[in-house]
Amino acid sequence: MEAPCQKIVWDVLPAIRAAIAVELVTCGVSQVDAARMLDIAPSAVSQYLSGKRGYRIEFEDDVKSAISALAHDMIDKEQIRVVDRICAICRQLREGEGGCAGPAPE
């Protein structure tokens, strides 16, 4: 049995990080700088960009907009709390899906 939080850790968070990394690099940030901004290894950014990692979820337009806004704020060096913003995007994705707790037990 897979707990809903396992899906978040294995699928949702890597997909969000991948989308942010792609947006950063698309906007001209180097892979090394994108890795530094996301506090991940440069090899992880490379794998995100090549589709070897973090590719399991296709986002709706509203989530794509939130990811793009976060990436641009990171580029503009806005005073933001990246983790809080990623959590907000994750919550946005989970709305209507039973949240982190998943469906009620029977």
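Residues numbered from 1 in each chain as written. Predicted model: local features only at pLDDT ≥ 70, side-chain atom pairs only at ≥ 80, totals over all residues. Heavy atoms only, no water.

The pLDDT averaged across the protein works out to 86; a share of 90% of its residues lies at or above 70. Predicted confidence in the protein is weakest over helix α1 (residues 4-26), with a mean pLDDT of 90, and strongest over helix α2 (residues 31-38), with 96. Confidence drops under a pLDDT of 50 for residues 98-106, and excluding neighbours within four residues, the segment shows eight contacts in the predicted structure. (pLDDT = per-residue confidence, 0-100. Helix = DSSP H or I, 4+ residues; strand = E, 2+ residues; numbered from the N terminus. Contact = heavy atoms within 4.5 Å.)

The next subject is the nonpolar core. Among the nonpolar cores identified, the biggest contains 25 residues, and I16, I20, L24 and F59 are the most heavily contacted of them. Of all the secondary structure elements, the ones that give two or more residues to this core are α1, α2, α3 (42-50), α4 (61-75) and α5 (82-94). For this core, the leading source of residues is α1, giving eight residues. Setting aside residues no more than four positions away along its own chain, F59 makes contact with A15, I16, A19, K64, I67 and L93. (Core = buried A, V, L, I, M, F, W, Y, C linked by side-chain atoms within 4.5 Å. Buried < 20%, exposed > 50% of the residue type's maximum accessible area, 1.4 Å probe, protein only.)

Further remarks concern the environment of K77. Mapping K77 onto the fold places it in the loop between α4 and α5. K77 sits in the exposed class, given a relative accessible area of 66%. Between the C-alpha atom of K77 and that of M37, which follows or precedes it by 40 residues, the distance is 9.9 Å.

Next up on the list: α2. Those residues of α2 that fall on the buried side of the exposure criterion are A34, A35 and L38. Viewed end-on, α2 has its buried residues packed into an arc of 100°, placing them on one side of the element. Where α2 is buried, its residues meet α1, α3 and α4. Of the residues one or two after α2, D39 is the one with positive phi, at around 60°. (Arc of directions from axis to C-beta.)

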